[in-house]
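Breakdown of the fold
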Amino acid sequence: MAEFTMELNDEQKEVRDWLHGFAADVIRPAAAEWDEREETPWPVIQEAAKIGIYSLDFYAQQYFDPTGLGIPMVMEELFWGDAGIALSIVGTGLAAVGVLTNGTDEQIGTWIPQMYGDPNDVKVAAFCSSEPDAGSDVASMRTRAVYDEAKDEWVINGTKTWVTNGGIANVHVVVASVDPELGSRGHASFIVPPNTPGLSQGQKFKKHGIRASHTAEVILDNVRVPGSCLLGGKEKLDERLARARERLRKGGTGSSSPAGSRERGKNAAMATFEASRPAVGAMAVGTARAAYEIALDYAKTREQFGRPIIDNQGVAFQLADMRTRIDAARLLVWRASWMAVNGKPFTAAEGSMSKLFASETAKKVTAQAIQILGGNGYTREYPVERMHRDAAIYTIFEGTSEIQRLVIARTLSGMPIR
Ligand SMILES: Cc1cc2nc3c(=O)[nH]c(=O)nc-3n(C[C@H](O)[C@H](O)[C@H](O)COP(=O)(O)OP(=O)(O)OC[C@H]3O[C@@H](n4cnc5c(N)ncnc54)[C@H](O)[C@@H]3O)c2cc1C
């Protein structure tokens, strides 16, 4: 187990500087254009692939870094460049992690390379869980997967929504219910291979922020996938379902046990969320830091009443608060990320804490940045306007701020989390 450290080692600093160079030289200059176009920035993803930033190897290396600081460092630097473009680059990772954590070695080896493609022909992947009537309340998911034993195929029907890379992905990972009576315990994840008939893109959403990232509905109409596309395999699923049915028979809910319940720490889904949320926190830290740096520079150079505006305590104190919040957010993110990698139990939902604080920080700091830039901050001439729009996503996806508070409070109190 690695000791918790608040400093990057020399190797990490080198990687950080390399990522920062890409964020500053390639991502940031392209940000305004792709925000306006509201399209996936394929050429930027390709550039990232060419130098090794868009690749499974790179993320796996950071993911398994025992200090836990690898992934937060990558997210902070890329999202410092631009949140929409960065999400287009790291969005595939969401689906890849779904396969890495639930898939067999064979599934990992077959599907993850197809998610990324190669530098001359880049591909993206999508993770499809949310539905029109199942956002925060994932257990109420309606998409069904039914096993056709004669053909050893699964037949999937349903509508997914808000899917990052939905419909344009080469590989879709779809979460579906195989036994609705069991709530989230009856869910399973499936690979939908490239060009599978029945999977289509529904409406593409026009969004407030992160507009370079493609978000769309995914329609599944009698989608048939081979039995081998069930992540983890049928035997494992059958065992899991049998355990859940037994619990239900004994009078339990059969549904996900909460992080704060009698089965605290045993719930794999909750543990996965706690481990993935700090990464979103790190994205928020990147956006907040970008806006803060612009505001600080502006406050030092913009003169009113014959002196730089930072000479006014009203402006200087805002910057002091912005920086304090950003550093506090980063520390929470690093702590949770270190805990995740080193298998520490999240007894106070520290992963959710980091996501909650960092995402609220990004919203607040980007709003303060607009205020400090005055009229300029309100225009698209300056990037803080875009950063403020982008920051609004962090308190919504991967669990809203209200859901983070609910998870933290219930974990602390030992109440069940449904
Ligand atoms: C740009 C974008 C990209 C996304 N990417 C993906 C993706 O790739 N894959 C995917 O599966 N999903 C994705 N999502 C979906 C995202 O995770 C959901 O939007 C999110 O979980 C919230 O669900 P909802 O939008 O249905 O809101 P709802 O659950 O309807 O919530 C609405 C409001 O009610 C509040 N609320 C709900 N329940 C409670 C409660 N019990 N207590 C207090 N308040 C509550 C919420 O906090 C929120 O403020 C994405 C969303 C967006 C906007």
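Predicted model, so just to flag it, every value in this text is computed and none were measured. (Residues numbered from 1 in each chain as written. Predicted model: local features only at pLDDT ≥ 70, side-chain atom pairs only at ≥ 80, totals over all residues. Heavy atoms only, no water.)

**Focus on the UniProt feature "domain: Acyl-CoA dehydrogenase/oxidase N-terminal" (unreviewed entry) in the chain**
For clarity, the cut-off: UniProt positions are given in the numbering used here, feature names are shortened, and annotations may be inferred rather than shown by experiment. By definition, any uninterrupted DSSP run of H or I lasting at least four residues is a helix, any uninterrupted run of E lasting at least two residues is a strand, and each is numbered from the N terminus.
Feature annotation in UniProt places "domain: Acyl-CoA dehydrogenase/oxidase N-terminal" (unreviewed entry) on residues 9-115, given in this structure's numbering. This span, residues 9-115, is 82% helix and 0% strand, and a straight line between its end C-alpha atoms measures 31 Å.

**Side note on the pairing of strand 6 (residues 171-177)**
Rules: Type-normalised accessible area, obtained with a 1.4 Å probe on protein chains alone, sets the label of each residue: buried when under 20%, exposed when over 50%, and partly exposed for intermediate values. Should DSSP find at least two bridges between two strands, the strands are taken to pair.
Counting buried positions along strand 6 yields 7 of 7 residues, so the element is predominantly enclosed. A two-sided burial pattern is seen for strand 6, the buried positions comprising Val-171, Val-173, Val-175 and Ser-177 on one face and His-172, Val-174 and Ala-176 on the other. Judged from the 6 bridges that link them, strand 6 and strand 7 (residues 187-192) form a sheet pairing that is antiparallel. Considered in strand 7, the bridge of Ser-177 is made with His-187.

**Some points on a nonpolar patch on the surface**
This is how it is decided: Residues with no salt bridge and a relative accessible area higher than 30% make up the patches, which join like charges within 9 Å and nonpolar side chains (Val, Leu, Ile, Met, Phe, Trp, Tyr) within 5 Å. Calculation of accessible area relied on Shrake-Rupley with a 1.4 Å probe; when residues are assessed, cover is drawn exclusively from the protein chains displayed. We define a salt bridge as a side-chain nitrogen of Lys or Arg found within 4 Å of a carboxyl oxygen belonging to Asp or Glu.
A contiguous nonpolar surface patch, about 290 Å² in accessible area, is contributed by Phe-4, Met-6 and Leu-331. Inspection of the secondary structure assignment puts Phe-4 in the segment before helix 1 (10-37). Classification of Phe-4 as partly exposed rests on a relative accessible area of 32%.

**Quick notes on unusual backbone geometry**
Positive phi is not limited to glycine here, since Glu-38 has a value of about 55°. Even without being a glycine, Phe-305 presents a positive backbone phi close to 55°. Relative to the elements of secondary structure, Phe-305 occurs in the loop between strand 10 (303-304) and strand 11 (307-308).

**Notes on the packing of helix 1 against helix 2 (residues 42-50)**
Using the following cut-off: Axis geometry follows a simple rule: fit a line to the C-alpha atoms, using only the stretch in contact for helices, then measure angles between N-to-C directions, giving values from 0 to 180 degrees. We call two directions roughly parallel when the angle between them is under 35 degrees, roughly antiparallel when it is over 145, roughly perpendicular when it lies between 65 and 115, and oblique otherwise. For this analysis, residues touch if any pair of their heavy atoms sits within 4.5 Å. Gly is placed with the polar residues, together with every amino acid not listed as nonpolar (Ala, Val, Leu, Ile, Met, Phe, Trp, Tyr, Cys and Pro) or charged (Asp, Glu, Lys and Arg).
Between helix 1 and helix 2, the least distance of the axes is 10 Å, while the angle of their chain directions is 170°. Here helix 1 is positioned roughly antiparallel relative to helix 2, judged by the angle of their axes. Note on element contacts: helix 2 touches helix 1 through Pro-43, Val-44, Glu-47 and Ala-48, opposite Phe-22, Val-26, Ile-27, Ala-30 and Trp-34. Across the contact of helix 1 with helix 2, the residue classes break down as 8 nonpolar, no polar and 1 charged.

**A short note on the packing of aromatic side chains**
As a reminder of what qualifies: Any pair of Phe, Tyr and Trp rings, taking the six-membered ring for Trp, is counted once the centres come within 6.5 Å. Such a pair is stacked with planes under 30 degrees apart, edge-to-face with planes over 60 apart, and tilted for the rest. Consider the ring centre and the ring normal. A charge sits over the ring if Lys NZ or Arg CZ is within 6 Å of that centre and within 35 degrees of that normal.
Summed over all chains, the structure comprises 10 aromatic pairs. Considering the side-chain rings of Trp-154 and Phe-190, the 5.1 Å spacing of their centres and the 55° angle between planes classify their relative orientation as tilted. One end of the pair, Trp-154, is in strand 5 (residues 153-164); the other, Phe-190, is in strand 7, with 36 residues separating them in the sequence. The same class applies to Trp-154 as to Phe-190, namely buried. The structure contains a cluster of three or more aromatic residues connected by ring pairs, namely Trp-18, Phe-58 and Tyr-59. The ring of Trp-80 carries the charged tip of Arg-28 above its face, separated from the ring centre by 4.1 Å. When the ring centre of Trp-34 is taken as origin, the NZ or CZ atom of Arg-37, which lies over that ring, is 4.1 Å away.

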